[in-house]
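Here is what each chain is made of, one letter per residue.
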Amino acid sequence: MNNLDTLSPAGDVEALIDRRAVGYSLEAEFYTSQEVFDLDLAAVFAKHWLFSATEAEIPDPGDYVTIDIGPYSVIIVRDDDEQVRAFRNVCRHRGSRLLENGCGSVGNLVCPYHQWTYRVDGTLVYAESQPPGFDRSALGLRPVHVRSVAGLIFVCLADETPPDFDEVAAVLEPYIAPFDLVHTKVAHQSDLIEEGNWKLVMENNRECQHCDGAHPELITAYFPLFGYSANDITPRMRPVFERYQTAQEHLTKACSRSNFPRDERRELDTRVTGFQVSHLPLDGSGSSFGPNGEPVCHKLMGNIPDARFGDLSIHMQPNSWFHLLSDHAVVFRVLPLAPGRSLVRTTWLVHEDAREGVDYNLENLTSVWNATNLQDRDLVAGAQKGVSDPGYIPGPYSMVEGDVEAFVNWYIQRLRAHFES
Amino acid sequence: MNNLDTLSPAGDVEALIDRRAVGYSLEAEFYTSQEVFDLDLAAVFAKHWLFSATEAEIPDPGDYVTIDIGPYSVIIVRDDDEQVRAFRNVCRHRGSRLLENGCGSVGNLVCPYHQWTYRVDGTLVYAESQPPGFDRSALGLRPVHVRSVAGLIFVCLADETPPDFDEVAAVLEPYIAPFDLVHTKVAHQSDLIEEGNWKLVMENNRECQHCDGAHPELITAYFPLFGYSANDITPRMRPVFERYQTAQEHLTKACSRSNFPRDERRELDTRVTGFQVSHLPLDGSGSSFGPNGEPVCHKLMGNIPDARFGDLSIHMQPNSWFHLLSDHAVVFRVLPLAPGRSLVRTTWLVHEDAREGVDYNLENLTSVWNATNLQDRDLVAGAQKGVSDPGYIPGPYSMVEGDVEAFVNWYIQRLRAHFES
Amino acid sequence: MNNLDTLSPAGDVEALIDRRAVGYSLEAEFYTSQEVFDLDLAAVFAKHWLFSATEAEIPDPGDYVTIDIGPYSVIIVRDDDEQVRAFRNVCRHRGSRLLENGCGSVGNLVCPYHQWTYRVDGTLVYAESQPPGFDRSALGLRPVHVRSVAGLIFVCLADETPPDFDEVAAVLEPYIAPFDLVHTKVAHQSDLIEEGNWKLVMENNRECQHCDGAHPELITAYFPLFGYSANDITPRMRPVFERYQTAQEHLTKACSRSNFPRDERRELDTRVTGFQVSHLPLDGSGSSFGPNGEPVCHKLMGNIPDARFGDLSIHMQPNSWFHLLSDHAVVFRVLPLAPGRSLVRTTWLVHEDAREGVDYNLENLTSVWNATNLQDRDLVAGAQKGVSDPGYIPGPYSMVEGDVEAFVNWYIQRLRAHFES
């Protein structure tokens, strides 16, 4: 009909997947079409383990938090035996939402419509005016798979869960355990809506080439060596590099003394539950995200032996990342809202005994990532606008965008697996 | 592809209708899909008689009110012969909307665009700069079927109207006539947007199992015997039941003395124009929705002989219900706006001679149903959220949800009739 | 299934085009369906020359303005050689939007995401961390066709541009040149969102039958003879007609003295680049849109010999019109936002040396068209509501709606040509 950029959607998503060009950013439809968005929900979000909340958010029996994964709402609740459980947030009577989006504490789960009442283990215990033969036992809340990995709660909506999660949990737990996340508390939590596809949010997280231009607050904490290898070091960079080597050695010794694992593990696109863990030294005084690398909380986490303990950085596919420092942790979760809209939740954790105003100041604790999140929001919105333009054609990744490519590789693999199953 | 809850729409609405399980709430697509919403407009709202307005809203020639039924806008106007007429609210020239949504009074209907001018009987009387041979008589406003039932105005968008409406009108008129609605005035009117499918709004209206938990203001007027039969009465309930029997007898005698019909008629799902009429005694002083059952207007309606005259309650399929009391009437109309959004209009009528501030106080008159409407809005929004969740599966109706089932029965019958015609 | 107005979209756009009835307004789907909207973007906006901006908006090298044509964003920029150039507003790396919607001035075009840097001629000059063999020359900005017609900038998104544009430009330039638009400045610019399809906005512009009823401010400038021919003049109109003839003669002489063209050219539906140019005398003192036809700027435009120089009115298909007067110009551009939503940009130009507060007052300059635009916005919104109603059926054009018909003729021709190509 014409030789212009087509405005029509992909039509055939499988063809779109097949013609993906390695080394190049994805075609526009992956970020803009409703069809791909629905596919992402079905093939990615409804089939994989998703970081959802921290145990710190539900310390006591009856404490709950809800999570909305696309149209799926899930209740995560600590039951009377202290176990973390998860259920579909829907009454079994006429389908009312049980709990409003948010968190709180309950004795039982009582539907606001007709007071059907469930125990926090999901059992239906009360339903009014039922006929003889009514079988309560068949009408308990529908359970959702749930796992805690050293205090980080993951849920999986699928009937059959990815088989490698135990393996990944076994790798990650020794890295996370020293921070004792179960005995932390939520110092702050922020929800940010970004005007971009969830994959653009993730891709933005998976490279720091944009950090120099966009994140002045964040980059002061890290050594300015992003993308450099030892061979690239110019005379001008030499002092920085030496500082970096000293910090590396300090961190290695600290881990070794405490028998903490130290190696980087990078399995971002080589398994179903893709992940990466790396332990990075920090610049300046080397402790945390305070000015000049100073701590932002005076109470150290868990069994951390030393305030200069760098940044234990974990990336999980499809939708989360974590920074664990000696004095606090900051954890991130991305959820899809629409083809061009995502929700980023950031949670700051500190030792459960740390006192606000005494051990930490909320503004100091949160300022770097609050600023960084807002900067990223603008970049992601600009990226969404650009890829939505028929003038967009996929461009080449640079040499420092390997983790972006790994994310995209993983994503394409998971779509393929979805169509094969 | 997978064994998860499907996110895709029904695809085949007829299959969806065929697999409806009697005794269970409807599947999600009935409440969420655009396809079913469009079908509801075509099969229900464009084919049946719809309560639209009251004669009290257009007392004089030239008075009009518009009603938007999905994309259809209709003008209801009293013509110079005092007849109620209805027309499509669209100019026959280039299609401009003739009257903004609302009400008012006109001499002629003049298009705001190029001043094409129609009489209130629909005749085109003026159109500028037309060529020779221009036939005004072919370009009158398009008429819409309209009927008043004792002051309640119904319209039907279909070319051929349901054949049983005269029959139903003949049943209802003797019940309504004593209230003389034609000689009332609008004391108040409120429009409330509810974030739920129109059927959820109707289903919510058709049971009072939720009233105990949700409507503290409303339930004080009624005997707390909802769902009870004489056999169920416990010793604790005995005094209430005796109070109820006394009120019943009082009401029966009052009707009998005035030759007003008293029997309940319940034809909710046994005819095209489904309806129910019942005359319920009220608790407390038994007059109206004031505190402890007191009147809210000192001027009685029409020929009502006694302030203690209970609640003449009428339910009409698909979209209306009415409470006629000795001192006022409150009438309800539900219109679909989107799959998950509806408009509820509530109109309070009092005797045309009642004076605000003297015979009635607006706050007293409206407070119970204003509160009840807002409570129902929240319940309907929670129901819409729940049924939109892939975790929803239809659940069983209780023994006191028979009128909900009757509504759903009627609805499914009408869809089937639509596909058969 | 039923004999009601159908709610479903056209299904077959080509059938919709084929059954268009000459002499009648278009069917509803042309104004309401997403499918036709997408077609309009592909067949009309992506294939034809579109008035986009004025040279006055980008006087110096590095000055730019962006324009969003549906999903296409275009940068119009003056390069270092003073040439006007246009590019897709998308980075060639990962597709970020380069420039936010708006205007400004740049040295180079630098992507805000990873600082890829382009010269204002589109050449890529910087991209960080690229592998060996990276070919910068293949990754310049994608050019867009651009032409200035005596200071009015047109762009065309198609690879192959309409062949008749040079011809049309050659006709128009002698009419426009005397106003020397290149040496004007933007006194004011307003963006108005109208709740109507872009074609309803254009059709509204192409007739003045609605002006008497809707535009009290605007009509004072023009002779009240719209739709009249010399034969129609009644005795009551005689004085007006004589005043008009005098003004006509004055204008003809003024043009003749300066060798300016004077003839009307009307090729609205007889070529790909449809246009009309006509030079109308004004009523009252005959100069401009001030009270009683007074000037609104004391500095005359370009080489205009006389404040009484009428209104050089130009209409261009598909989306623009222009009024050039002795003391200012006001230019209009319509862009589609959604089936029922359009953006109208109005730009007022005055001589580049005119000083605000001295030579002109902004309120005087803009009040007539600001008022007229708001009035038209309401008419267009009413038309959109009406044609969206299933009660709408196309109606007959009157004898003074010839230019509306010409617009529709042109539009239908262009759709047909699109399907034939």
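By the naming in an unreviewed UniProt entry, chain A is Putative iron-sulfur protein, taken from Gordonia rhizosphera NBRC 16068. Regarding chain A, the UniProt comment filed under Cofactor (unreviewed entry) reads as follows: "Fe cation".

Student: Talk me through the overall build of chain A; I want residue IDs and the actual numbers.
Tutor: Counting its secondary structure elements, chain A contains ten helices and 17 strands. In terms of overall dimensions, chain A is globule-like: its C-alpha atoms have a radius of gyration of 23 Å, near the 22 Å expected for 421 residues. With the principal axes as the frame, chain A shows a C-alpha extent of 85 × 70 × 35 Å. The buried share of chain A, taken over its 421 residues, is 58%. Look at the contacts in chain A between residues 6 or more apart in sequence, and 66% of them connect residues 24 or more apart. On chain A, roughly 16200 Å² of surface is accessible, and the fraction owed to carbon and sulfur atoms is 48%. Positive and negative charge centroids in chain A, built from 35 and 60 side chains respectively, lie 2 Å apart.

Student: Could you give an account of the UniProt feature "domain: Rieske" (unreviewed entry) in chain A, naming the residues involved and the relevant values?
Tutor: UniProt tags residues 50-155 of chain A as "domain: Rieske" (unreviewed entry). Split by type, residues 50-155 of chain A is 0% helix and 41% strand. Its first and last C-alpha atoms lie 5 Å apart.

Student: Lay out the interface of chain A and chain C in plain terms, naming residues and giving numbers.
Tutor: With 34 residues of chain A in contact, the opposing surface of chain C contributes 35 residues. Buried surface at the junction of chain A and chain C, summed over both partners, amounts to about 2900 Å²; 54% is from carbon and sulfur atoms. Applying the counting rule to chain A against chain C returns four salt bridges. When the shortest N-O distance is used, the salt bridge between C:Arg94 and A:Glu207 registers 3.1 Å. Here chain A is connected to chain C by 15 residue pairs in polar contact (both at pLDDT 80 or more). If you list the elements that add at least two residues to the side of chain A that touches chain C, you get helix 5 (198-205) and helix 9 (362-387) of chain A. Considering every element that reaches the side of chain A that touches chain C, the biggest residue donor is helix 9 of chain A, with six residues. The residue inventory of the side of chain A that touches chain C, partitioned by class, reads 15 nonpolar, 13 polar and six charged.

Student: Got a sec to walk through the packing of aromatic side chains? Specific residues and values, please.
Tutor: Scanning the model with the defined rule gives 51 aromatic pairs over all chains in all. Ring plane angle 75° and centroid distance 4.9 Å describe the contact between B:Phe51 and B:Phe322, whose orientation is recorded as edge-to-face. Taken together, the residues span a long stretch of sequence, with B:Phe51 in strand 1 (residues 50-54) and B:Phe322 in strand 15 (residues 320-324) at a distance of 271 residues. With respect to burial, B:Phe51 and B:Phe322 carry one shared label: buried. In textbook terms, an aromatic cluster arises when at least three aromatic residues are bridged by ring pairs, as seen for A:Phe30, A:Phe45, A:Trp198, A:Phe407 and A:Tyr411.

Student: Got a sec to walk through the relation of the copies chain B and chain C? Specific residues and values, please.
Tutor: Once turned by 120° and shifted 0.0 Å along the axis, chain B lies on chain C with an RMSD of 0.0 Å. The symmetry that links the two subunits is that of a three-fold axis. Minimal C-alpha separation from the rotation axis in chain B is found for B:Gln34, amounting to 8.6 Å.

Student: Go over the domain arrangement of chain A, please, and point to the residues and values.
Tutor: All names here are of chain A. Examined at the domain level, chain A breaks down into domain 1 (50-149) and domain 2 (164-415). Here the C-alpha centroids of domain 1 and domain 2 sit 32 Å apart. At the junction of the two partners, domain 1 supplies 15 residues and domain 2 supplies 24 residues. Each partner contributes to the roughly 1400 Å² buried at the junction of domain 1 and domain 2, and carbon and sulfur atoms together form 64% of this total. Counting the surface domain 1 buries against domain 2, the share from its top three residues, Phe-51, Arg-147 and Val-149, is 43%. Remark: the boundary between domain 1 and domain 2 carries one salt bridge. The salt bridge involving Arg-147 is made with Asp-166; its shortest N-O contact spans 2.4 Å. Those elements giving two or more residues to the side of domain 1 that touches domain 2 turn out to be strand 1 (50-54), strand 2 (63-69) and strand 9 (145-149). Considering only residue class, the side of domain 1 that touches domain 2 consists of seven nonpolar, four polar and four charged.

Student: How would you sum up a negative patch on the surface? Please name residues and give values.
Tutor: Judged by side-chain charge, A:Asp12, A:Glu14, A:Asp18, A:Glu35 and A:Asp38 come together as a negatively charged surface patch. Overall, A:Asp18 belongs to the exposed group, its relative accessible area being 58%.

Student: Could you give me a rundown of the confidence of the model for chain A, with the residues and numbers involved?
Tutor: Looking at chain A, pLDDT values average 94 and 97% of them are 70 or higher. Predicted complex metrics record ipTM = 0.92 and pTM = 0.93.

Student: Can you lay out the packing of helix 5 (residues 198-205) of chain B against helix 9 (residues 362-387) of chain B for me, pointing to particular residues and giving the numbers?
Tutor: All names here are of chain B. One way to put it is that helix 5 packs onto helix 9 with a least axis distance of 10 Å and a crossing angle of 125°. Taken together, helix 5 and helix 9 sit at an angle that is classed as oblique. Relative to helix 9, the crossing made by helix 5 is right-handed. Side by side, helix 5 and helix 9 meet where Leu-200, Val-201 and Asn-204 of the first sit next to Asp-376, Leu-379, Val-380, Ala-383, Gln-384 and Val-387 of the second. When the residues that make up the contact of helix 5 with helix 9 are grouped by side-chain class, the tally is six nonpolar, two polar and one charged.

Student: Now, about the interface of chain B and chain C: what can you tell me, with residues and values included?
Tutor: Across the contact, 35 residues belong to chain B and 34 residues belong to chain C. For the chain B and chain C pair, buried surface summed over both sides reaches about 2900 Å², with 54% attributable to carbon and sulfur atoms. Considering only the surface of chain B that becomes buried against chain C, B:Arg94, B:Arg97 and B:Tyr113 emerge as the three largest contributors, covering 23% of it. Inspection of the region where chain B meets chain C yields four salt bridges. When the shortest N-O distance is used, the salt bridge between C:Asp389 and B:Arg97 registers 3.2 Å. Linking chain B with chain C are 15 residue pairs in polar contact (both at pLDDT 80 or more), by the criterion used here. Only helix 3 (34-45), strand 3 (72-78) and helix 10 (402-420) of chain B provide two or more residues apiece to the side of chain B that touches chain C.

Student: Describe in detail helix 4 (residues 165-176) of chain C, supporting the description with residues and values.
Tutor: Residues and elements named next belong to chain C. Over its twelve residues, helix 4 runs 16 Å from end to end, which matches the ideal 16 Å to within 8%, given 1.5 Å per residue. Listing the buried residues of helix 4 in full gives Phe-165, Val-168, Ala-169, Val-171, Leu-172, Tyr-175 and Ile-176. For helix 4, the angular spread of the buried residues around the axis is 165°, confining them to a single face. Each element contacted by the buried residues of helix 4 is listed here: strand 9 (145-149), strand 10 (152-156), strand 12 (265-267), strand 13 (275-280), strand 14 (311-316) and strand 15 (320-324).

Student: Give a detailed account of the sheet that holds strand 5 (residues 103-105) of chain C, specifying residues and quantitative values.
Tutor: Residues and elements named next belong to chain C. The strand order 4-3-2-5 describes an open sheet built from four strands, whose pairing is antiparallel. Because the sheet does not close on itself, it has two edges, and the strands there are strand 4 (84-88) and strand 5. Along the sheet, successive strands turn relative to each other by an average axial angle of 25°, direction set aside. Two elements, strand 2 (residues 63-69) and strand 5, share three bridges in a ladder whose sense is antiparallel. Residue Val-65 lies in a different strand from strand 5, and its bridge partner there is Cys-103.

Student: Please provide a residue-by-residue account of the state of the cysteines, values included.
Tutor: Where two cysteines share a covalent bond between their sulfur atoms, that bond is called a disulfide. All told, the structure shown has three disulfides over all chains when counted by the stated rule. Between the sulfur atoms of A:Cys208 and its disulfide mate A:Cys211 the distance is 1.9 Å. Negative torsions about the S-S bond denote left-handed disulfides, and the value of about -105° found for A:Cys208 with A:Cys211 makes this one left-handed. Looking at A:Cys208, the relative accessible area reads 27%, which means it is partly exposed. C:Cys103 takes part in no disulfide bond, and the closest cysteine sulfur, belonging to C:Cys111, lies 20 Å away.

Student: Hey, could you go over unusual backbone geometry for me, with residue numbers and the actual values?
Tutor: All names here are of chain B. For the bond from Gln-317 to Pro-318, the omega torsion is 5°, close enough to zero to count as cis. Relative to the helices and strands, Pro-318 is located in the loop between strand 14 (311-316) and strand 15. Of note, the phi angle at Asp-180 is positive, near 45°, even though the residue is not glycine. For Asp-180, a relative accessible area of 27% gives the class partly exposed.

Calculation rules
- Residues numbered from 1 in each chain as written.
- Chains lettered and ligands numbered in written order.
- Predicted model: local features only at pLDDT ≥ 70, side-chain atom pairs only at ≥ 80, totals over all residues.
- Heavy atoms only, no water.
- UniProt positions renumbered as here; feature names shortened; annotations may be inferred.
- Helix = DSSP H or I, 4+ residues; strand = E, 2+ residues; numbered from the N terminus.
- Rg over C-alpha atoms; globule rule 2.2 N^0.38 Å.
- Buried < 20%, exposed > 50% of the residue type's maximum accessible area, 1.4 Å probe, protein only.
- Contact = heavy atoms within 4.5 Å.
- Areas by Shrake-Rupley, 256 points an atom, 1.4 Å probe, with all protein chains shown as cover.
- Lys, Arg positive; Asp, Glu negative; His and termini not counted.
- Charge placed at Lys NZ, Arg CZ, Asp CG, Glu CD.
- Buried area = accessible area lost by both parts, 1.4 Å probe.
- Salt bridge = Lys/Arg side-chain N within 4 Å of Asp/Glu carboxyl O.
- Polar contact = N/O pair within 3.5 Å; in protein donor to acceptor, adjacent residues only side chain to side chain.
- Nonpolar A, V, L, I, M, F, W, Y, C, P; charged D, E, K, R; others polar.
- Phe/Tyr/Trp six-rings, centres within 6.5 Å; stacked < 30°, edge-to-face > 60°.
- Least-squares fit on C-alpha atoms with pLDDT ≥ 70 in both.
- Domains from an automatic or database assignment.
- Patch = residues over 30% accessible without salt bridge, like charges linked within 9 Å, V, L, I, M, F, W, Y side chains within 5 Å.
- pLDDT = per-residue confidence, 0-100.
- Axes fitted to C-alpha atoms, helices over the stretch in contact; angles between N-to-C directions.
- Parallel < 35°, antiparallel > 145°, perpendicular 65-115°, else oblique.
- Left-handed = near helix turned anticlockwise from the far one by under 90°.
- Expected span 1.5 Å × (residues − 1).
- Arc of directions from axis to C-beta.
- Pairing = 2+ DSSP bridges.
- Disulfide = S-S within 2.5 Å.

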